[in-house]
Amino acid sequence: MMTGNPPRQATAVAQPNIALVKYWGKRNEKLNLPAVSSLSITLDALHTRTRVGFDEAFETDSFLLNGSPADATRVTACLDHLRALAGTDVRAAIVTENDYPTAAGLASSAAGFAALVVAADAALGLGLLPRALSLYARRGSGSAARSIFGGFVEMARGEREDGNDAVARALLDAHAWPLGVVIAVTSTSAKPVGSTEGMRATAASSPFYAAWVDSARADLTQARRAIMARDFGGLAAISEHSCLKMHGLGFAARPPLIYWNETTMACLHAVRELRAGGTPVFYTIDAGPQVKAVCLPEAIEDVAATLSGISGVLQVITSGLGAGARVVEDL
Ligand code: DP6
């Protein structure tokens, strides 16, 4: 005799994104609403593959990350929103594999929650539109809302209290303006202060926080214009400014929040020197010590060679721009 419903499962792939205009700070922590809008590029060389299988027989969600059991708390919280929509409380087995180092400042949570939401949507048969997928990915991690889309992506802070307008949208396709990204890995240790906690500490104690929030809209407009005009120099200037401004907030927090190591600084100077010599490249750095150098495709080999020659650089990963999160065949 059959008992319950058959298991429902789906697999999705998503890729990390790198913010050029940074998201840092929340206007509502419970709903995970960003205090500022942001703008990112989705990468093509790094992948997160997540399989979600719902089964009436499971008593709890289980989460396997790169082959090891991992804490399912944030995954469960994110899935609960989708279960509520589907009118079910069925539990799931979640299996995630990253083909790049996890927790090394490469935005694995962004690709992770994007893949999770897309797979769970398919497994539950919800058929959500990309805007709604972005909204639910945001509940998991703010930057994940952007990995639903490929290419150049803008994430709105939104104005509504319920956060239904705090979603990402595609600005420009990956092929419309191909860029290269060179990631210089300068440490493989997990970062000492996670983004969520770092944002909270900065908002509470950095005297620059109000200025950061006030100036974000203008930064976004400038970046969007540079992208639409394919103005690499313009995009370089606003991206480096947004990055340094975000880290400046942390330097001025009490206690200070310093994500860089000496190799981070050496890479930053190397990128500046390359650009001074005519190479079209700029840097950006997230809440960790890795440096991401964004360049025109013809410069990618030179940039990778320069960064890998810097003492303290452990690995260099190169990528182009890629697609948004999508359902794939089960392996
Ligand atoms: C520095 O998206 O990881 O990478 O919403 O708390 O999960 P939570 O934060 P998260 O923060 C990303 C911060 C950043 C900048 C960015 O990606 O815009």
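Residues numbered from 1 in each chain as written. Predicted model: local features only at pLDDT ≥ 70, side-chain atom pairs only at ≥ 80, totals over all residues. Heavy atoms only, no water.

(A) How the structure looks around the site of the ligand. Close to the ligand lie 18 residues, the nearest being Tyr23, Lys26, Gly142, Ser143 and Thr196. Separating an oxygen atom of the ligand from a side-chain N or O atom of serine 143 is a distance of 2.6 Å. Measuring from an oxygen atom of the ligand, one finds a side-chain N or O atom of threonine 196 at 2.6 Å. Notes on the ligand: free accessible area 460 Å², of which the protein chains cover 93%. Of the residues forming the shell around the ligand, the biggest block, three residues, is contributed by helix α5 (residues 195–205). Within the shell around the ligand, the residues separate by chemical class into six nonpolar, seven polar and five charged. When residues are assigned to domains, the shell around the ligand turns out to be shared by domain 1 (9–177) and domain 2 (180–319), each giving three or more. (Near = heavy atom within 4 Å. Polar contact = N/O pair within 3.5 Å; in protein donor to acceptor, adjacent residues only side chain to side chain. Areas by Shrake-Rupley, 256 points an atom, 1.4 Å probe, with all protein chains shown as cover. Helix = DSSP H or I, 4+ residues; strand = E, 2+ residues; numbered from the N terminus. Nonpolar A, V, L, I, M, F, W, Y, C, P; charged D, E, K, R; others polar. Domains from an automatic or database assignment.)

(B) Representation of the pattern of salt bridges. With the rule as written, the count across this model stands at 14 salt bridges. Close ionic contact of glutamate 29 with arginine 200 constitutes a salt bridge, the shortest N to O distance being 2.5 Å. Of this pair, glutamate 29 sits in the loop between β3 (26–28) and β4 (33–34) while arginine 200 sits in helix α5, placing them 171 residues apart in sequence. Classification of glutamate 29 as partly exposed rests on a relative accessible area of 40%. Between arginine 157 and glutamate 159 there is a salt bridge, with its nearest N and O atoms 3.1 Å apart. What makes arginine 157 partly exposed here is its relative accessible area of 23%. Under the relative-accessibility criterion, glutamate 159 is labelled exposed at 53%. Look at the salt bridges and you will find they share partners, linking Asp61, Asp80, Arg83 and Arg91 into a network. (Salt bridge = Lys/Arg side-chain N within 4 Å of Asp/Glu carboxyl O. Buried < 20%, exposed > 50% of the residue type's maximum accessible area, 1.4 Å probe, protein only.)

(C) Region of the structure containing the domain arrangement of the chain. Looking at the assigned domains, one finds that the chain contains domain 1 (9–177) and domain 2 (180–319). Placing the centre of domain 1 and that of domain 2 at their C-alpha centroids yields a distance of 23 Å. Listed per partner, the contact involves 33 residues of domain 1 and 48 residues of domain 2. Overall, the association of domain 1 and domain 2 removes approximately 3300 Å² of surface from exposure, summing both partners, and the carbon and sulfur fraction of that is 71%. Counting the surface domain 1 buries against domain 2, the share from its top three residues, Lys22, Trp24 and Trp177, is 28%. For the interface between domain 1 and domain 2, the tally reads three salt bridges. Across the contact surface, domain 1 and domain 2 share 10 residue pairs in polar contact (both at pLDDT 80 or more). Residues of the side of domain 1 that touches domain 2, tallied by class, amount to 22 nonpolar, four polar and seven charged. (Contact = heavy atoms within 4.5 Å. Buried area = accessible area lost by both parts, 1.4 Å probe.)

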